[in-house]
Amino acid sequence: METKNQRSVLECLRRRLRFTNSSYVDPVGIVGGLALWWTDEIVIDVCSRNQNLFRCVLSHHGISWLATFIHAPPREQLRNLFWDSILTIASENQFSWLCLGDFNEIGAFWEKTGGAGPIARRVLGFQQLLQECALMDLEFKGHGFTWTNNQSGRHNVQERIDRAVATVDWRKLFPHAKLLHELLIGSDHCPLILNTCSKLVLKSWGRSEFGDNRTKLAELNSKLSHLQALDWSEFNVAAQKETQDDILRVLLREEMFLHQRSRWLSTDEAINSYLHDYFSHLFTSIPSRNFDHLLSTVQRVISEEMNASLTNPVSNDKIRSAAFQLGPLKAPGPDGFSGIFFHTYWEVVGNDSAFVPGRLIQDNILVAHEAFHHLKLKKAGTGYEMAIKLDFNKAYDRIQWDFLEALLLQMGFSSVWVQWIMAVVSTVSFSIFANWEKRAAFIPHRGLRQGDPISPYLFTLVADVLSRMISMSTFDNRF
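These numbers were taken from a predicted model, which means no experiment stands behind them. (Residues numbered from 1 in each chain as written. Predicted model: local features only at pLDDT ≥ 70, side-chain atom pairs only at ≥ 80, totals over all residues. Heavy atoms only, no water.)

Caption draft 1: Representation of helix α1 (residues 7-16) in the model. Along α1, the residues classified as buried are Leu10, Glu11 and Arg14. The arc that holds the buried residues of α1, viewed along the axis, is 105°, so those residues lie on one side. The exposed set on the far side of α1, more than 90 degrees from its buried face, consists of Ser8 and Arg16. Buried residues in α1 make contact with β1 (21-25) and β2 (34-38). (Buried < 20%, exposed > 50% of the residue type's maximum accessible area, 1.4 Å probe, protein only. Helix = DSSP H or I, 4+ residues; strand = E, 2+ residues; numbered from the N terminus. Arc of directions from axis to C-beta. Contact = heavy atoms within 4.5 Å.)

Structure representation (structure tokens):
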């Protein structure tokens, strides 16, 4: 904790609370300062300390692990330097690892309410730090936010900047560990209490210990469905918001579970089996169904002249013209060959390509922030506006081929051209490599290939159907 007090004052308090051991970092004036207290029931070797952390090795019942108690700098520039020191600890660490404390940064957009919106760059940077350090967020109980500016009304800001994160190995040692967010009393931060159940359990760790996220998700979805069926009230709105936040947390834990699971598999057979099952399920098509009502929103927009142009034989001159429009340092696909390669060796390779110029996935974040900024500033008027947040989880991988083919035909594309496109989309096989070895191979039955130049265009056409459905529902006053 940040003490803001001299050692003499803290020692008096430590003795009253009957902690037998201590380590301190003195504050600079009335700013900063850290204190670490512990009893004789556990052995703590403080390896290093500074104004922002204690780095310790804890030993209990013959088991040792690394604990880093953190108070990250409040200024972003200094905090980025501090992240580098955390990465250094991760690269040097040989122990199971727990990080606990005030990170002065949120890890998701829903971890802040009030004030200016979250800064995407900072949130994504913190997520990347945790991923590179192989640290996962521990589930918690209590209020969703750990800090407040203690102001009232519309000026109030709350954030979850205090947390505990740990490696998978640490979770194996303490599979039942729970983090409690206690009540805010006398401080702008809530106390964090990490309960490890005082029991070291060295056994396999799976859903039985971590918790069945899918069961929890089904229960929360049922609860939210019930709440949304009730009449409007402030209490009901608050209950819905809390339930939605719980759903997001469960989804995040499930994503972490799947992301980290490959680290827990110890045999080649287990790794190969898991990879094959996971990706085969991901790319398995759903049964045939009637989607005429979806395609009814799509108009025929492709003329006969367009189809004639699309199905005309492509001349070498057109291919060469397209290749030489590519920037010398740009690559048309995942093979890594840049434009200068095609320009220099055109007589040998003679290839063509297509790509979406000048587009970045980060553009979507900026557009979303602009939309929310507009909504936040809208204070009056008779017109109503709203934003809908949609989670396109594994979006490219879930495109159904039969729907894509029907959509292209509905838009008026020539059946010959559609057959060409579907041949490109469907004649594909995937191999999964891990540690430079082929682990699994399968043939998908849905999805678009990442990196294929035509995939962004096909995905946009499919997504446009959803946009049209939303627009039609709005027009029919069904929102």
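Caption draft 2: Here's a closer look at the side chain of His181. Considering the arrangement of structural elements, one finds His181 in strand β13 (residues 178-181). At 2.8 Å, the side chain of His181 forms a polar contact with the backbone oxygen of His143. If we ignore the near neighbours within four places in the chain, the residues touching His181 are Phe140, Lys141, Gly142, His143, Thr146, Arg160, Asp162, Cys190, Pro191 and Leu192. (Polar contact = N/O pair within 3.5 Å; in protein donor to acceptor, adjacent residues only side chain to side chain.)

Caption draft 3: Molecular detail of the confidence of the model for the protein. Confidence in the prediction of the protein, expressed as mean pLDDT, is 81, and 83% of residues score 70 or more. When the criterion is pLDDT under 50, residues 198-210 qualifies, and its contacts beyond four places in sequence or with other chains add up to 35 contacts. Low pLDDT, under 50, characterises residues 353-357; the predicted model gives this stretch 10 contacts beyond four residues in sequence or across chains. (pLDDT = per-residue confidence, 0-100.)

Caption draft 4: A look at the nonpolar core. Formed by 25 residues in total, the largest nonpolar core has its most connected members in Phe403, Leu404, Leu407, Leu408, Phe413, Val425 and Leu448. The residues touching Leu407, leaving out its near neighbours within four places in the chain, are Leu295, Val298, Leu461, Val462 and Val465. One finds Phe54, Leu100, Trp170 and Leu173 within the second-largest nonpolar core, a separate group that totals 21 residues. (Core = buried A, V, L, I, M, F, W, Y, C linked by side-chain atoms within 4.5 Å.)

Caption draft 5: Looking closely at the environment of Arg249. By secondary structure assignment, the location of Arg249 is in helix α7 (residues 234-264). Note on Arg249: relative accessible area 14%, which makes it buried. Every residue in contact with Arg249, bar those within four places of it in the chain, is listed here: Trp110, Phe140, Gly144 and Glu242.

Caption draft 6: Representation of the sheet that holds strand β10 (residues 147-148). Here we have 3 strands laid out as an open sheet, ordered β7-β11-β10, and antiparallel in their pairing. Only two strands of the sheet have a single partner each, and these edge strands are β7 (112-113) and β10. Examined bridge by bridge, β7 and strand β11 (residues 158-159) share 2 bridges and lie antiparallel to one another. Bridge pairing links Thr113 to Gln158 in β11. (Pairing = 2+ DSSP bridges.)

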